[in-house]
Amino acid sequence: MVDSDGDGELEARLVEQEEFEPSREFVEQANVSDPKIYDEFEKNWPGCWEQAAALLDWDSPYDEVLDDSNPPFYEWFTGGKLNASYNCLDRHVENGDKNRVAIKWEGEHGDTRTYTYQDLSREVNEFAAALRDLGVEEDDVVTLYMPMIPELPIAMLACARIGAPHSVVFAGFSAEALATRMNSADSRFLVTCDGYYRRGDPLDHLDKANEGLDGVDHGVDAAVVVDRLGDDGFGHDLRGNQHDWDGLLDEHSGDRVDPVQRDAEDMLFLMYTSGTTGQPKGVKHTTGGYLSYAAWTSHAVLDIEKEDTYWCAADIGWITGHSYIVYGPLALGTTTVMYEGTPDYPNRSRLWELVEKYAVDIFYTAPTAIRAFMKWGTQFPERHDLSSLRLLGTVGEPINPRAWKWYYKHIGDEECPVVDTWWQTETGGMMITTLPGVGNMKPGSAGPPLPGVDAKVVDTGGEEVEAGRAGYLTVNKPWPGMLRTLYKNDERFIDEYWREYSDTDSDDPDDWVYFPEDGAKIDDDGYITILGRVDDVINVSGHRLGTMEIESAIVGVEGVAEAAVVGGKHDVKGEAVYAYVITEEGQAEDDEMRDRIVQGVEDAIGPIARPEQVLFTPELPKTRSGKIMRRLLEEIANGEELGDTTTLRNPEIVEEIQRKADAR
Ligand code: WT7
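The numbers attached to residues start from 1 for each chain and follow its sequence in the written order. Given that this is a predicted model, residues contribute local features only at a pLDDT of at least 70 and side-chain atom pairs are listed and counted only at 80 or more, while totals for whole chains, interfaces and linings are drawn from all residues. As a rule here, side-chain values come from all non-hydrogen atoms in the structure, and water together with hydrogens is ignored.

Caption draft 1: Broad picture of the overall build of the protein chain. What counts as a helix is a DSSP run of H or I of at least four residues, what counts as a strand is a run of E of at least two, and both are numbered from the N terminus. When its secondary structure is counted, the protein chain shows 21 helices and 29 strands. Computation of the radius of gyration draws on C-alpha atoms, with the globule rule given as 2.2 Å multiplied by the number of residues to the power 0.38. Its C-alpha atoms give the protein chain a radius of gyration of 24 Å, within 12% of the compact-globule value 26 Å for 664 residues. In terms of overall dimensions, the protein chain has a C-alpha envelope of 70 × 60 × 60 Å along the principal axes. When the 664 residues of the protein chain are sorted by exposure, 61% land in the buried category. When contacts within the protein chain are restricted to residue pairs at least 6 apart in sequence, those whose partners lie at least 24 apart make up 71%. Computing the positive centroid from 60 side-chain charges and the negative centroid from 128, the protein chain places the two 2 Å apart. For every residue, the accessible area obtained with a 1.4 Å probe (protein chains only) is divided by the maximum for its type, and the residue is called buried under 20%, exposed over 50%, and partly exposed between those limits. Whether two residues are in contact is decided by their heavy atoms: any pair within 4.5 Å suffices. His is not counted, nor are the chain ends, whereas Lys and Arg count as positive and Asp and Glu as negative. By convention, the point assigned to a charge is CZ for Arg, NZ for Lys, CD for Glu and CG for Asp.

See below:
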């Protein structure tokens, strides 16, 4: 790794200093700066969550903050009615902010588009009218398979306006992944685009979308296709049930659609995420609880004010983009930046150039990006004026103290608090992090649970562990942003998240404990350090992948008999995919076979899941009961000393695999 720090003395101080205080200047202007908030929320729980709901406009008030009569099917703000698109658009237009910029979009090539709240509201209304015309009714799931173009948030808000839950599928996912998700959600509508740009080249997206549509096992009523590439396009002809986005907007020019009053507990969207089985999980989020929580955490943690220019450099195809590019920031009426491209194209200064150009106040990204910036060196951020920044954030995976300090110093100039925010697709919003205007920061530790969030670190029996000891993270009280269930699969919802630590026969909410499947430790100040997943989920560049999903893609390749996949440590990506493959009798174990395996994974999931290394082996290390010992494979991937192999049925294989790994 390049050590790009010229100022040795300062560096030494940073390494020694384990705690950082937010500057007085920051605290004085912070949305939340009174430490009493922790006590207040605890004493007045669950009533404290009214503060979150109060950030929204409700068409009719809720009767109850929390209905916990049927755990773990908690309901929040019951009886309340509201519309998410109204909250993100109309109310700002009505309150004198129609000319404020809602979305600043920058294309990879430097083309830009600016939407004021008025502009955005107009397009959302027109597209909502178009969706209705195509037959979309309230509660129909609309799948959005789109890259980072403004039409994606427009389509999301249009769905929200007519009460049709959206299911956004990350554009980097494969055709097969799209089909699986549309099938699982019974989704009969798709919005997609012809293509987009990646590192200078146009990429054919519609081809993939069409292949996905061919794999949908029920009727597809309509698809809408955005023309992103214009003359660079691939000359696709639209199919019979496919419609051009611009054509539809022209047809519905000036149309208005009344926002549908949604029940607080009505579904706002579905988001598929990886779990321990091969089948992705459809996480259900609701209108009242989710939106309140996204708005509240944007206010309290990201410190967003409507005058800010705020940039979350994630992709809307993941939950981070849903909560903190679209719903949270727009609910608060701020300016949210959207960037189409990657951080290193056309050069490694690209993000800093944008921070300077738009005078970004708040910047939120992932540790994997920070580690890449660090590797590239300080000369890139140094070329740009980053003094507009007031707050920095990270999310998605543990951040090592060195990367944290680099970010704090070289991007934030030691002036900006850094919030290390732990949360998940399932939690809807941030759960564990310092409040930047209240608490000190400890690099590497996310911080205490947010006010009103009851998180603990426990042992396998559910007892709290001592400070400094490793244990399992649990969440012991519900929160408004929580997932309500897995789509049409209440049983799996209970199995995946609650069975571990709850008395599942009990009706008493105190007997129900949410298990996020992360390891953690807590210190004497109550700061929680996340140690990573304890299930078969790996985290590549902040993207969550199920080892089972990858394994089933590999065994789908001709000539493969069995496969095991683990996450190995990676400098920039955090973790990378390591595959151990047993081939069928007579199958050559050569590069051609390796390429087919890599291709098989790309086809089934997408390039993000591409194995870093494929090792052929005659057997996998298995316990006497036949379970693959992944821990040993992880140790091999990491070049670590091997742990205990005595419980194995075939201990000799471990050395053989290790020899092969060393030889590569
Ligand atoms: C998993 C959730 C939250 C949006 C992006 C990822 C890991 C997330 C942190 C953090 C350490 C983190 C956990 C979690 N994770 N944030 N600040 N420190 N680990 O959402 O794809 O649902 O993944 O990401 O392991 O369980 P996701």
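Caption draft 2: The arrangement of the UniProt feature "domain: AMP-binding enzyme C-terminal" (unreviewed entry) in the protein chain in detail. The UniProt record annotates "domain: AMP-binding enzyme C-terminal" (unreviewed entry) at residues 549–627. In residues 549–627, helix accounts for 27% and strand for 32%; the two terminal C-alpha atoms are 17 Å from one another. UniProt positions are given in the numbering used here, feature names are shortened, and annotations may be inferred rather than shown by experiment.

Caption draft 3: Region of interest: the confidence of the model for the protein chain. For the protein chain, mean pLDDT is 94; residues scoring 70 or higher make up 97% of the total. A score from 0 to 100, pLDDT tells how confident the predictor is in each residue. A low-confidence stretch, residues 1–7 stays under pLDDT 50, and its non-local contacts, those more than four residues away or across chains, total 15 contacts.

Caption draft 4: Quick look at the site of the ligand. A cutoff of 4 Å decides nearness: a residue is near a molecule or strand if any of its heavy atoms lies inside that distance of it. Contacts to the ligand come from 17 residues, most closely from D420, T421, T425, D518 and R544. At a separation of 2.5 Å, an oxygen atom of the ligand approaches a polar side-chain atom of D518. Taking R533, its side chain carries an N or O atom lying 2.9 Å from an oxygen atom of the ligand. Surface burial for the ligand is 96%, taken as the share of its 550 Å² of free accessible area covered by protein chains. Any pair of N or O atoms that falls within 3.5 Å is considered a polar contact. Within protein, one atom must be able to donate a hydrogen and the other to accept it, and sequence-neighbouring residues count only if both atoms are side-chain atoms. In short, Shrake-Rupley with a 1.4 Å probe defines the accessible areas, and a residue's cover is counted only from the protein chains shown.

Caption draft 5: The arrangement of the UniProt feature "domain: Acetyl-coenzyme A synthetase N-terminal" (unreviewed entry) in the protein chain in detail. When the UniProt feature table is mapped onto this chain numbering, "domain: Acetyl-coenzyme A synthetase N-terminal" (unreviewed entry) sits at residues 36–88. Structurally, residues 36–88 is divided into 30% helix and 19% strand, and its ends, taken at the C-alpha atoms, are 30 Å apart.

Caption draft 6: Region of the structure containing the environment of R262. Within the secondary structure layout, R262 lies in strand β13 (residues 262–263). Taking the relative accessible area as the measure of exposure, R262 reaches 2% and is therefore buried. Each C-alpha atom of the pair R262 and W58 lies 9.9 Å from the other, and the pair is 204 residues apart in sequence. A polar side-chain atom of R262 sits 3.3 Å from the main-chain carbonyl oxygen of G163. Among the polar contacts listed, one links the side chain of R262 to the backbone oxygen of M267, at a separation of 2.8 Å.

Caption draft 7: Spotlight on the sheet that holds strand β19 (residues 391–395). Ordered by their spatial adjacency, seven strands build an open sheet running β5-β4-β17-β16-β18-β19-β20, and the pairing between neighbours is mixed. Taken across any chain shown, the strands that pair with only one partner, and hence form the sheet edges, are β5 (112–116) and β20 (418–421). Direction aside, the axes of adjacent strands within the sheet are offset by 20° on average. Each pair of strands is called paired provided DSSP finds at least two bridges between the two strands. Two strands pair when backbone bridges link them, and strand β18 (residues 362–365) and β19 are joined in this way by four bridges, in the parallel orientation. Think of each axis as a best-fit line through the C-alpha atoms, taken over the contacting stretch in the case of a helix, with angles from 0 to 180 degrees between the N-to-C directions.

Caption draft 8: Just unusual backbone geometry, in detail. Here the residue pair W45 and P46 is connected by a cis peptide bond, since its omega of 5° sits within 30 degrees of zero. Residue position: P46 is located in the loop between α3 (37–43) and α4 (50–53). The omega torsion across Y345 and P346 is -5°, close enough to zero to call that bond cis. In this model, R199 sits at a positive phi of 50°, which is unusual for a non-glycine residue. Tracing the backbone shows R199 in the loop between β9 (195–198) and β10 (201–204).

Caption draft 9: Examining the nonpolar core more closely. We call a set of buried residues a nonpolar core when its members are Ala, Val, Leu, Ile, Met, Phe, Trp, Tyr or Cys and they connect through side-chain atoms within 4.5 Å of each other. Judged by nonpolar contacts, the single largest core of 121 residues is most densely connected at W49, L120, F127 and Y327. Domains are outlined according to an automatic or database domain assignment. The residues that make up this core include at least three from each of domain 1 (10–80 + 275–522) and domain 2 (84–90 + 108–260). If sequence neighbours within four positions are ignored, Y327 has contacts with A84, C88, M156, L157, A160, H166, L268, F269, Y290, L291 and H322. Counting 38 residues, the second-largest nonpolar core is a separate cluster that includes A223, W318, A563 and F616.

Caption draft 10: Structural detail: the packing of helix α20 (residues 630–637) against helix α21 (residues 652–663). With their axes 10 Å apart at the nearest point, α20 and α21 run at an angle of 25° to one another. Our classification of the angle between α20 and α21 gives roughly parallel. Here the hand of the crossing between α20 and α21 comes out right-handed. Of α21, the residues touching α20 (which contributes L632, L633 and I636) are V654, I657, Q658 and A661. When residues are grouped by polarity, Ala, Val, Leu, Ile, Met, Phe, Trp, Tyr, Cys and Pro land in nonpolar, Asp, Glu, Lys and Arg in charged, and all others, Gly among them, in polar. Here the residues of the contact of α20 with α21 sort into six nonpolar, one polar and no charged. When describing relative orientation, an angle under 35 degrees is termed roughly parallel and one over 145 degrees roughly antiparallel, while 65 to 115 degrees is termed roughly perpendicular and anything else oblique. For any pair of crossing helices, the crossing counts as left-handed if the nearer helix is rotated counterclockwise from the farther one by less than a right angle, and right-handed if it is rotated clockwise.

Caption draft 11: Representation of the pattern of salt bridges. When a carboxyl oxygen of Asp or Glu lies within 4 Å of a side-chain nitrogen of Lys or Arg, that pair is called a salt bridge. Throughout the structure, instances matching the rule amount to 48 salt bridges. Two residues, R484 and E265, come together in a salt bridge whose shortest N-O distance is 3.0 Å. Of the two residues, R484 sits in the loop between β22 (471–475) and α17 (490–497) while E265 sits in the loop between β13 and β14 (267–273), which places them 219 residues apart along the sequence. The class for R484 is buried, based on a relative accessible area of 5%. By relative accessible area, E265 is classed as buried at 14%.

Caption draft 12: Up close: helix α6 (residues 117–133). Here α6 is 17 residues long and its end C-alpha atoms lie 24 Å apart, about the 24 Å a rise of 1.5 Å per residue gives. Counting buried positions along α6 yields 12 of 17 residues, so the element is predominantly enclosed. A helix is expected to span 1.5 Å multiplied by its residue count minus one.

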